[in-house]
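Report on the structure
Given next are the chains, with one letter for each unit.
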Amino acid sequence: MKNTALTSTHEALGAKMVSFAGYNMPVQYEGVNIEHETVRKSVGVFDVSHMGEFLIEGEHALDLIQKVSSNDASKLTIGKAQYSCLPNDEGGIVDDLIIYKIKEATYLMVVNASNIEKDWEWIRSKNDVGATMRNLSEDYALLAIQGPKAVEAMQAITSQDLSTIKFYNFVVGNFAGIDHVIISATGYTGSGGFEIYCKNSEVKQIWDSVFEAGANYDIKPIGLAARDTLRLEMGYCLYGNDIDDTTSPIEAGLGWVCKFTKEFTNSKALEAEKQRGSKRKLIAFKLDERGIPRQGYDIVDGNGNKIGIVTSGTMSPSLGKGIGLGYVPTVFADVNSKINIQIRKNAVPATVIKLPFYKG
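To keep things clear, this report deals only with the structure shown in the data block. Counting restarts for each chain: residues are numbered from 1 in the order of the written sequence. With the structure being a predicted model, the display of local features is reserved for residues of pLDDT at least 70 and the display and counting of side-chain atom pairs for 80 or more, all residues being used for whole-chain, interface and lining totals. For the side-chain quantities, the full set of heavy atoms in the structure was used; hydrogens and water were omitted.

Quick look at unusual backbone geometry
In this structure, Pro 356 follows Leu 355 across a cis peptide bond, with omega equal to 0 degrees. Helix numbers and strand numbers start at the N terminus; a helix is a DSSP run of H or I with at least 4 residues, a strand a run of E with at least 2. Relative to the helices and strands, Pro 356 is located in the segment after strand 19 (346-353). The phi torsion at Asn 336 lies on the positive side, around 80 degrees, for a residue other than glycine. For Asn 336, the location among the structural elements is in the loop between strand 17 (322-329) and strand 18 (338-343). Unlike most non-glycine residues, Arg 344 shows phi in positive territory, near 55 degrees. Take Arg 344: it is sitting in the loop between strand 18 and strand 19.

A word on the nonpolar core
Within this scheme, the nonpolar core is defined by two criteria: the residues are buried Ala, Val, Leu, Ile, Met, Phe, Trp, Tyr or Cys, and they are joined through side-chain atoms within 4.5 Å. Note on classification: 1.4 Å probe, protein chains only; a residue is buried when its accessible area is under 20% of the maximum for its type, exposed when over 50%, partly exposed between these limits. With 38 residues, the main nonpolar core has Phe 46, Tyr 100, Leu 108, Ile 243 and Leu 254 as its most contacted residues. With four residues, the top contributor of residues to this core is strand 6 (residues 93-103). Beyond its immediate stretch of four places on either side in the chain, Leu 254 contacts Tyr 83, Ile 93, Ile 243 and Pro 249. Core analysis: the next-biggest nonpolar cluster, separate from the first, contains 30 residues, Val 43, Ala 153, Val 203 and Trp 207 among them. Throughout, a residue-residue contact means that at least one pair of heavy atoms, one from each residue, lies within 4.5 Å.

Thoughts on the pairing of strand 17
Judged by how many residues are buried, strand 17 sits mostly within the fold: seven of eight residues are covered. Two strands pair when backbone bridges link them, and strand 14 (residues 280-287) and strand 17 are joined in this way by seven bridges, in the antiparallel orientation. Across the sheet, the residue bridging to Arg 280 is Pro 329, located in strand 17. Sheet topology note: the strand 16 (residues 306-315)/strand 17 ladder contains six bridges and is antiparallel. Residue pairing across strands places Thr 314 opposite Ile 323, the latter belonging to strand 17. Two successive antiparallel strands, strand 16 and strand 17, enclose a turn made up of six residues, where Gly 320 displays a positive phi of approximately 70 degrees. Two strands qualify as a pair provided DSSP detects at least 2 bridges between them.

What about helix 6 (residues 200-213)?
By this rule, a helix spans an expected 1.5 Å times one less than how many residues it contains. Compared with an ideal rise of 1.5 Å per residue, which puts 14 residues at 20 Å, helix 6 spans 20 Å between its outermost C-alpha atoms and is within 8% of the ideal. What helix 6 keeps buried is the set Glu 202, Val 203, Ile 206, Trp 207, Ser 209, Val 210, Phe 211 and Ala 213.

Some thoughts on the environment of Asp 63
The topology assignment puts Asp 63 in helix 3 (residues 61-68). Residue Asp 63 is classed as partly exposed on the basis of its relative accessible area, which comes to 39%.

Observations concerning helix 7 (residues 224-234)
Among the eleven residues in helix 7, nine count as buried, and that is most of the element. Taken as a whole, helix 7 has its buried residues at Leu 224, Ala 226, Arg 227, Thr 229, Leu 230, Arg 231, Leu 232, Glu 233 and Met 234. In this fold, the buried residues of helix 7 make contact with strand 1 (16-20), strand 2 (23-28), helix 2 (32-41), strand 3 (44-47), strand 16 and strand 17.

So, the packing of aromatic side chains
To describe a pair of aromatic rings, one takes the distance between the centres and the angle between the planes. Here a Phe, Tyr or Trp ring, Trp counted by its six-membered ring, pairs with any other such ring whose centre lies within 6.5 Å, and the pair is stacked when the planes are under 30 degrees apart, edge-to-face when over 60, and tilted otherwise. Tallied over the full model, the rule gives eight aromatic pairs. Considering the side-chain rings of Tyr 100 and Tyr 197, the 5.5 Å spacing of their centres and the 75 degrees angle between planes classify their relative orientation as edge-to-face. A residue pair is termed long-range when its members are at least 10 positions apart, and Tyr 100 in strand 6 and Tyr 197 in strand 12 (residues 193-199) qualify at 97 residues. Grouping residues by exposure puts Tyr 100 and Tyr 197 together as buried. Of the aromatic side chains, those joined through ring pairs into one cluster are Tyr 100, Phe 170 and Tyr 197. Lying over the aromatic face of Tyr 358, Arg 40 brings its terminal NZ or CZ to 4.0 Å of the ring centre. In our convention, an over-ring charge means Lys NZ or Arg CZ found within 6 Å of a ring centre and within 35 degrees of that ring's normal. Here the basic side chain of Arg 280 rests over the ring of Tyr 327, its NZ or CZ set 4.2 Å away from the ring centre.

Have a look at this one:
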């Protein structure tokens, strides 16, 4: 099991550590609900250094990225980031990722920790254009500083005007006494904030400075359990749960990151699927009665027939209701449709809703 550069820091803080994607990671410190509320109301810090970072460079860097990713990276200008996915040849998804344009012919691809090796081999296998690829995953750390007070709390430790960095934009500048740090207005919580990319050797200094700067803002370290409840309240897909090698981006509701103005892996088949409509769709639902839907629970119709499966589910800390995502036949996917979640012996009624669950 791998450690991040901050593993000993988390242990000293009393974090409950678990194995996640091959890394020793903090799942919680004080408790999921407290940590969740901290991010929704003030500011919290996640160590997400297990994520993977690939640098794609050279005159044909964009050609490679355009071939393997579904979104149109030609629209990126320096300082902008883009959410995208890597389609496979069979209609599924290799991974979802964020692409950053660092310089004119330099791009950073940030991928999920559990898929680092798979993604690297996939992209490398498609690189017949001579783009330079560097896997920086072992050398770089990533902190997510999330919450409505993130801008105000962090302004003291950078000369960059954080309030001017728009969503899915970034700057490379000084942060917490370290130069050449990527300060990115991205994150997976829906409560605003930044993601900070730096070298492993620099992250402890940054972590300490961040907590010092946030001391008057009720800043707290946040574990992976709260990260999951926060992203689920926004309806953000989690690779391995809601999307994987067998789910198409169209049925997963990611058609908006599939730009058919260009060719990419399996684009023709995905475009045809979008035009004819998918047989099933990823839906969001809210329980009408008490209960907690969990991943793997059956979704059933009014007669008790299984029609799908819950891919992500939890008790929403913000809403106080059971919420979840799952795939069902398209006929059941309309907003306000009634379904049932099989929780042990009970078929608990639920309603299909429009995302996000949490609206701030």
